[in-house]
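# Remarks on the overall topology
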Amino acid sequence: MAAMLQPQIILLKEGTDTSQGKAQVVSNINACTAVADAVRTTLGPRGMDKLIHDDKGNTTISNDGATIMKLLDIVHPAAKILVDIAKSQDSEVGDGTTTVVLLAGEFLKEAKPFIEDGVYPQNLIRSYRTASYLAIEKIKEIAVSIEGKSMEEKKSLLAKCAATSLSSKLIGGEKEFFASMVVDAVMAIGDDDRLNLIGMKKVPGGHMRDSFLVNGVAFKKTFSYAGFEQQPKKFLNPKILLLNIELELKSEKENAEIRLTDPMQYQSIVDAEWNIIYDKLDKCVKSGAKIILSRLAIGDLATQYFADRDIFCAGRVAEEDLRRVAAATGGTVQTSVNNIVDEVLGSCEVFEEKQVGNERFNIFSGCPSGQTATIVLRGGADQFIEEAERSLHDAIMIVRRALKNSTVVPGGGAIDMEISRFLRMHARSIAGKSQLFINSYAKALEIIPRQLCDNAGFDATDVLNKLRQKHALGTGANYGVDINTGGIADSFANFVWEPAVVKINAINAATEAACLILSVDETVKNPKSESAQGEAAASAMAGRGRGGAAFRGRGGRGMRRR
Ligand code: ADP
Ligand code: MG
């Protein structure tokens, strides 16, 4: 009898979970829409912030799409793609992270009815790609160049871009103040690509207007020993010695093992130790440096020794700070005090130890290499300063981008409306289904002005109708949402500007993500990888305790052990 049975073909291991076809595409679209919904309300100057707290008790308040997406800890495989595009937008251009997620979500939402009606996804994808190409060409055409302007003019133009980026953040109330600070900081580092040359130091307390920019390096006073108070705290044109060695007495005996036969020999060892350290200190002093910084500890003996010779010293300087001091002052970090030549010493115009709020700061200004700047941020709560730092980071990136690519487009949804109009016009000239798809793409772009209105409490339908009419006239290409009155206004005239590259990158990335998600019609979950993941999640959960599971989805919760 057994011979009569059909042989069963086993392709995948037992327990493998697969879902295929239309249903899978639709379910992926739904997941992505849910993610877009999570960040939807943060868009624009009137957007809301999100407070996210993890199970370790850290709380973060943020308006930045990339930060929120990162912290949400999304586990859905398709929705993770949206996290990736937000991150890539953040690292590529620095701003427009909410925009990119919203656009991708909206492209997919528009695609959903077609997929449900049985449209083959590849047809949609092809039309979306065409639309994205046309949109980007159009942006390039509309973009206004700021090249060839005078330095002063350029600065004020860049400040406008920075202000637009900042207007949607917690510190939006002081956007002019911070915008000019950001522009000065970016100008100070010149063409250098290294972002870490702009340092940010956070000092809780005070008002955010007490924040200031140092044309050079600033860092918090490090741990110091007795004798430090006798050191001078201000120098003009000092020489600066940067070290990566320990200037402490105790260190030598830990470096070697010595066997003694006669107790009398012990004294000679102690003497030798003292000689070694004094020799080191002497060499430091002879170098002519007035300021000595080390990444490692500078002990009490050394501190006192330097104090007696009117030299300032600081040990345990953070590596990043030391690197920035080196870049700014032109010095080189030394790993030995032998043969210190003049070339390795740095210099600056003024060095000062200053009180900032409750902290003391070491400030190096007027540095010859000039290519560093430090923003010292002040403000009430920790979370506030953290968010201020992230917001300034966005603004800094925007200014750098604008400086490099130097074309800007009107914001406030104006550019999105204009491309949308252009694509609709174009769609009319196409025969076939593609016309519908490009129309949907055009409609999806309207999400930006629509969401800006929704978040500000305006009647989105009303504003959008006005915008469509204005743009259709052909003379209102720069009209966008007026966030102050709830009507429409010329974004260009109101200086709501964004670098063109933000929009180009956002449209590109969002379209790619949407196409990628549309092209997936099967997800296979292999049982082995699932159990490995489950275990990792379970052990992580056991260590962390309660909470934080809301966005975690099934995997982590189901596997938790007692
Ligand atoms: P993202 O993370 O995408 O940068 P934001 O919350 O920073 O999101 O919002 C950016 C959007 O807000 C852009 O579309 C920009 O044009 C718009 N926007 C910024 N400032 C204004 C303003 N003053 N009036 C109208 N729209 C603005
Ligand atoms: Mg922004």
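Counting restarts for each chain: residues are numbered from 1 in the order of the written sequence. To read the labels, note that chains go from A and ligands from 1, taken in the order they are written. Selection of residues for local features in this predicted model requires a pLDDT of at least 70, selection of side-chain atom pairs for listing and counting requires 80 or more, and totals for whole chains, interfaces and linings are taken over all residues. Working from all heavy atoms in the structure, the side-chain values ignore hydrogens and water.

Put simply, the rule reads: UniProt positions are given in the numbering used here, feature names are shortened, and annotations may be inferred rather than shown by experiment.
Per an unreviewed UniProt entry, the chain carries the name T-complex protein 1 subunit eta and comes from Dioscorea cayennensis subsp. rotundata. According to the UniProt record, the Subunit (unreviewed entry) comment for the chain reads "Heterooligomeric complex that forms two stacked rings."

## Notes on the overall build of the chain
Our working definition: The secondary structure listing takes helices from DSSP runs of H or I that are at least 4 residues long and strands from runs of E that are at least 2 residues long, numbered from the N terminus. Relative accessibility decides the category of a residue: with a 1.4 Å probe and only protein chains considered, values under 20% of the type maximum give buried, values over 50% give exposed, and everything between is partly exposed. Here, residues are in contact when the closest pair of their heavy atoms is within 4.5 Å. Each accessible area is a Shrake-Rupley result for a 1.4 Å probe, and residues are judged covered by the shown protein chains and nothing else.
Summing up its helical and strand segments, the chain has 19 helices and 20 strands in all. The buried share of the chain, taken over its 562 residues, is 48%. For the chain, the proportion of contacts with a sequence separation of at least 24, taken over those separated by at least 6, is 76%. When the accessible surface of the chain is summed, it comes to about 27,000 Å², and 51% of that surface belongs to carbon and sulfur atoms.

## Section: the packing of helix α3 (residues 80-92) against helix α17 (residues 500-518)
Going by this rule: Here the axes come from fitting lines to C-alpha atoms, over the contacting stretch only for helices, and the angles between their N-to-C directions go from 0 to 180 degrees. Roughly parallel here means an angle under 35 degrees, roughly antiparallel means over 145, roughly perpendicular means 65 to 115, and every remaining angle is called oblique. Working rule for handedness: look at the near helix, and if it is turned counterclockwise from the far one by less than a right angle, call the crossing left-handed; if clockwise, right-handed. Charged means Asp, Glu, Lys or Arg here, nonpolar means Ala, Val, Leu, Ile, Met, Phe, Trp, Tyr, Cys or Pro, and polar covers whatever is left, Gly included.
At a minimum axis separation of 10 Å, α3 and α17 run at an interaxial angle of 160°. Viewed along their axes, α3 and α17 adopt a mutual orientation that is roughly antiparallel. You can see that α3 and α17 cross each other, and the crossing is right-handed. Contact residues: α3 offers Ile81, Leu82, Ile85, Gln89 and Glu92, while α17 offers Val502, Asn505, Ala506, Ala509, Ala510, Ala513, Leu516 and Ile517. Each residue belonging to the contact of α3 with α17 can be placed in one class, and the counts come to ten nonpolar, two polar and one charged.

## With respect to the packing of aromatic side chains
Applicable threshold: Stacked, tilted and edge-to-face are the three classes assigned to paired rings of Phe, Tyr and Trp, where Trp is represented by its six-membered ring and a pair needs centres within 6.5 Å; plane angles under 30 degrees give stacked, over 60 edge-to-face, the rest tilted. Geometrically, a lysine NZ or arginine CZ counts as sitting over a ring once it is within 6 Å of the ring centre and also within 35 degrees of the ring normal.
Across all of its chains, the model carries 16 aromatic pairs by this definition. Seen from their ring centres, Tyr305 and Phe306 are 6.3 Å apart, and the 75° between their planes marks the pair as edge-to-face. A residue is classified by how much of its surface remains accessible, and Tyr305, at 11% relative accessible area, is buried. Aromatic ring contacts, followed pair by pair, group Phe219, Phe228, Phe235, Phe312, Phe351 and Phe364 into a single cluster. The ring of Phe212 carries the charged tip of Lys354 above its face, separated from the ring centre by 5.9 Å.

## Let's talk about a nonpolar patch on the surface
Here is the rule we go by: Surface patches are defined over residues having more than 30% relative accessible area and no salt bridge, joining like charges when they lie within 9 Å and nonpolar side chains (Val, Leu, Ile, Met, Phe, Trp, Tyr) when within 5 Å. A side-chain nitrogen of Lys or Arg and a carboxyl oxygen of Asp or Glu constitute a salt bridge if their distance falls within 4 Å.
A surface patch of nonpolar side chains, amounting to about 300 Å² of accessible area, comprises Ile258, Leu260 and Tyr266. When you line up the elements, Ile258 lands in the loop between α8 (251-254) and α9 (265-286).

## Section: the sheet that holds strand β10 (residues 291-294)
Basically, it comes down to this: Pairing between strands is defined by DSSP: at least two bridges between them are needed.
Taken together, four strands build an open sheet; the order of strands is β11-β10-β9-β12 and the sheet is mixed. The open sheet has two free edges, formed respectively by β11 (312-314) and β12 (346-347), since each of these has just one partner strand. By the bridge criterion, two bridges tie strand β9 (residues 239-243) to β12 in an arrangement that is antiparallel. By the bridge assignment for β12, Lys239 is matched with Ser347.

## Looking at unusual backbone geometry
Even without being a glycine, Asn339 presents a positive backbone phi close to 55°. Considering the arrangement of structural elements, one finds Asn339 in the loop between α11 (319-329) and β12. Its identity is not glycine, yet Phe495 carries a phi of approximately 60°, on the positive side. Among the secondary structure elements, Phe495 is positioned in the loop between β18 (488-490) and β19 (497-499). For Phe495, a relative accessible area of 38% puts it in the partly exposed group.

## Points about the site of ligand 1
What counts, and what does not: Whether a residue is near a molecule or strand depends on its heavy atoms: it is near if one of them lies within 4 Å of it. Whenever two N or O atoms come within 3.5 Å, that pair is a polar contact, provided that in protein one can donate a hydrogen and the other can accept it, and provided that, for residues adjacent in sequence, both atoms are side-chain atoms.
What surrounds ligand 1 is a group of 21 residues, the closest being Asp95, Thr99, Ser167, Ser168 and Gly412. Ser167 places a polar side-chain atom, nitrogen or oxygen, 2.7 Å from a nitrogen atom of ligand 1. Protein chains bury 95% of the 570 Å² of accessible surface belonging to ligand 1 in isolation. Those elements that place two or more of their residues in the shell around ligand 1 are α4 (97-116) and α15 (447-456).

## Quick notes on α3
Stated formally: Expected helix span is computed as 1.5 Å times (number of residues minus one).
With 13 residues, α3 extends 18 Å from end C-alpha to end C-alpha; this agrees with the ideal 18 Å at 1.5 Å per step. Among all positions in α3, only Ile81, Leu82, Val83, Ile85, Ala86, Gln89 and Asp90 are buried. Lining the buried residues of α3 we find α1 (21-40), α2 (65-72), α4, α12 (382-405) and α17. One or two positions beyond α3, positive phi appears at Gly94, with a value near 90°.

## Structural notes on the nonpolar core
To be explicit about the condition: We define the nonpolar core as a collection of buried residues of types Ala, Val, Leu, Ile, Met, Phe, Trp, Tyr and Cys that are connected through side-chain atoms lying within 4.5 Å of one another.
In terms of nonpolar packing, the biggest core is built from 73 residues, with Leu82, Val101, Phe107, Leu124, Leu423, Ile507 and Leu518 touching the most fellow members. Broken down by element, this core gets its largest block of residues, eleven residues, from α17. Residues contacting Leu423, with those up to four places away along its chain left out, are Ala131, Leu134, Ala135, Ile438, Tyr441, Ala442 and Leu445. Core analysis: the second largest hydrophobic core is formed by 37 residues, Phe178, Leu197, Ile375 and Trp497 among them.

## Section: the sheet that holds strand β16 (residues 407-410)
Ordered in space as β4-β16-β19, the three strands form an open sheet in which the pairing is antiparallel. Of all strands in the sheet, those with a lone pairing partner are β4 (144-145) and β19, marking the two edges.

## Quick look at the pairing of strand β13 (residues 350-356)
Pairing analysis gives three bridges linking strand β8 (residues 234-236) to β13, with the strands arranged antiparallel. Across the sheet, the residue bridging to Leu236 is Val350, located in β13. As paired strands, β13 and strand β14 (residues 359-365) are joined by seven bridges and run antiparallel to one another. Considered in β14, the bridge of Phe351 is made with Phe364.

## Considering the packing of helix α13 (residues 414-428) against helix α14 (residues 434-445)
It is the contact of α13 with α14, at a shortest axis distance of 8 Å, that shows an interaxial angle of 170°. Overall, the two elements α13 and α14 adopt an arrangement that is roughly antiparallel. Only Gln435, Ile438, Asn439, Tyr441, Ala442, Lys443 and Leu445 of α14 make contact with α13, whose side of the interface consists of Asp416, Ile419, Ser420, Leu423, Arg424, His426, Ala427 and Arg428. The residue makeup of the contact of α13 with α14, split by class, is seven nonpolar, four polar and four charged.

## Some remarks on the pairing of β16
The pairing of β4 with β16 spans two bridges and is classified as antiparallel. Note that in β16 the partner of Val144 across the bridge is Val408. Bridging between β16 and β19 involves three bridges; their strand directions are antiparallel. By the bridge assignment, Val408 is partnered in β19 with Pro499.

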